[in-house]
Amino acid sequence: MIKIGIIGAGRIGKVHAKSAAGVKGVEIKAIADPFMNAETEAWAKEQDIPNVYTDYHEILNDKEIEVVLICSSTDTHSKISLEAIEAGKHIFCEKPIDHDVNKIKEVMEALKKSNVKYQVGFNRRFDHNFMAAREAVKQGKIGELNVLKVCSRDPGAPPVSYIKVSGGIFLDMTIHDFDMVRFMSGAEVTEVYAMGGVLVDPAIGEAGDIDTAVISMRLDNGALAVIDNCRRATYGYDQRVEAFGSLGQVAIGNDTDSLAVISNADGVTAEKPKLFFLERYMEAYTREVASFIDAVINDKPTEVNVEDGLKPVLIGLAAKLSLAENRPVKIAEIEAKFGL
Ligand SMILES: NC(=O)c1ccc[n+]([C@@H]2O[C@H](COP(=O)([O-])OP(=O)(O)OC[C@H]3O[C@@H](n4cnc5c(N)ncnc54)[C@H](O)[C@@H]3O)[C@@H](O)[C@H]2O)c1
């Protein structure tokens, strides 16, 4: 039985607790959060998690715990990763590892000197639709990839207080789409040109961010990619991909609660997309944690490693610079700044 500890008992900590509880051979021994309250303690009891702490060091100091899931706020990820590596724990870390590339580099260096498994929470790679589309591209069913289109729109914007600490749309929201571009294409992004606007909420602009973006990219296999983002889609969480190639194309649509289509004198109506990420990706969250535990138990490489955690941050920083200076930015320019 592998004993695990969960650090952070917010939205995603609770999701991953549910996922981990469903994995065979796993026992959740503890959960830690500095803002632990009676409600969360009661929730932990319902999940059969025997130990509840306010200080995550209790988990790191517990020799029986082999695995930690870092689900705390973004600004804690790299620090806790370093401490967990030092303590010899296998680590699943939510995205992003950090907004600061130098701190990600520290985590990479520490990992090189350890035998610790490290996986980053890019859950969409484990979604059944994206997996099927990736498989079609990989098997050459669409020939050579020419154009990849990623559409990613949230149902509504988060509070401005969150926007202020989020690192900006590219490092907070588009980071998943940058990962999708790499995953779907199997190629690396070499150049980025980003345009953005404030079309949803002027307060987001006042906080120094944008809420709508179109990002064009060149990949190292010659293909082109484009992402469109918006913080508001009135009809739900809109996450689609189309890969177009020399022999055809593969596209995935949104998951819906049912496939019912109602046709009557007023028209033809189908279900809206699922509301948001917790509804759309529950199955993917379960699969990503299961995959990580499998890597630990069977000593396999993790499916989303620390490099996969770094690359979308570099692309995000290139997009930020591109938007600020209204010019295409090569990833090499960002890498050079950090001695990569
Ligand atoms: N992969 C995904 O789809 C996905 C979805 C949502 C969030 N996330 C990521 O997960 C992280 C958490 O997001 P969330 O939505 O759950 O936020 P949240 O605010 O609901 O939860 C974060 C929790 O971390 C706790 N925390 C803060 N410092 C801590 C510390 N030192 N030790 C232990 N706990 C600490 C907070 O008290 C809070 O309960 C973020 O980094 C976010 O980017 C990923």
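Source: prediction; values computed, not measured. (Residues numbered from 1 in each chain as written. Predicted model: local features only at pLDDT ≥ 70, side-chain atom pairs only at ≥ 80, totals over all residues.)

Undergrad: Where do I start with unusual backbone geometry in this structure?
TA: The phi angle of most residues is negative, glycine excepted, and most peptide bonds adopt the trans form. Residue P96 is bonded to the preceding K95 through a cis peptide linkage, with omega at -15 degrees. Note on placement: P96 falls in the loop between β5 (90-93) and α5 (101-112). Although it is not a glycine, D48 adopts a positive phi angle of roughly 65 degrees. Its location among the elements puts D48 in the loop between α2 (38-46) and β3 (51-53). Judged by local crowding, D48 falls into the exposed class, with 9 C-beta atoms found within 10 Å. Within the chain, D299 stands out as a residue other than glycine whose phi angle is a positive 50 degrees. By the secondary structure assignment, D299 is in the loop between α12 (282-297) and α13 (306-325). A residue is classified by how many C-beta atoms lie within 10 Å of it, and D299, with 8 of them, is exposed. (Helix = DSSP H or I, 4+ residues; strand = E, 2+ residues; numbered from the N terminus. Buried ≥ 20, exposed ≤ 12 C-beta atoms within 10 Å, placed from the backbone.)

Undergrad: Sorry if this is basic, but what is going on with the packing of helix α4 (residues 77-86) against α5 here?
TA: When two helices pack together, their arrangement is captured by the angle between the axes and the distance separating the axes. Put simply, α4 and α5 touch, their axes get as near as 10 Å, and they point 10 degrees apart. With respect to their mutual orientation, α4 and α5 come out roughly parallel. The hand of the α4/α5 crossing is left-handed. In this structure, α4 contributes S78, S81, L82 and I85 to the contact, and α5 contributes K103, I104, E106, V107, A110 and L111. In terms of residue class, the contact of α4 with α5 is made up of six nonpolar, two polar and two charged. (Axes fitted to C-alpha atoms, helices over the stretch in contact; angles between N-to-C directions. Parallel < 35°, antiparallel > 145°, perpendicular 65-115°, else oblique. Left-handed = near helix turned anticlockwise from the far one by under 90°. Contact = placed C-beta atoms within 7 Å. Nonpolar A, V, L, I, M, F, W, Y, C, P; charged D, E, K, R; others polar.)

Undergrad: Would you take a moment to explain the sheet that holds strand β2 (residues 26-32) for this structure?
TA: Sheet strands line up and pair through hydrogen bonds in the backbone, either parallel or antiparallel. Spatially, the six strands line up as an open sheet ordered β3-β2-β1-β4-β5-β6, and their pairing is parallel. Unpaired on one side and paired on the other, β3 and β6 (118-120) mark the two borders of the sheet. Averaged over neighbouring strand pairs, the angle between their axes works out to 20 degrees when direction is ignored. (Pairing = 2+ DSSP bridges.)

Undergrad: What's the story with the domain arrangement of the chain in this structure? I'm lost.
TA: A common measure of how large an interface is: the accessible area buried when the components associate. When cut into domains, the chain gives domain 1 (2-116) and domain 2 (125-280 + 311-337). The gap between the C-alpha centroids of domain 1 and domain 2 is 28 Å. For the side of domain 1 that touches domain 2, the class distribution of residues is four nonpolar, one polar and one charged. (Domains from an automatic or database assignment.)

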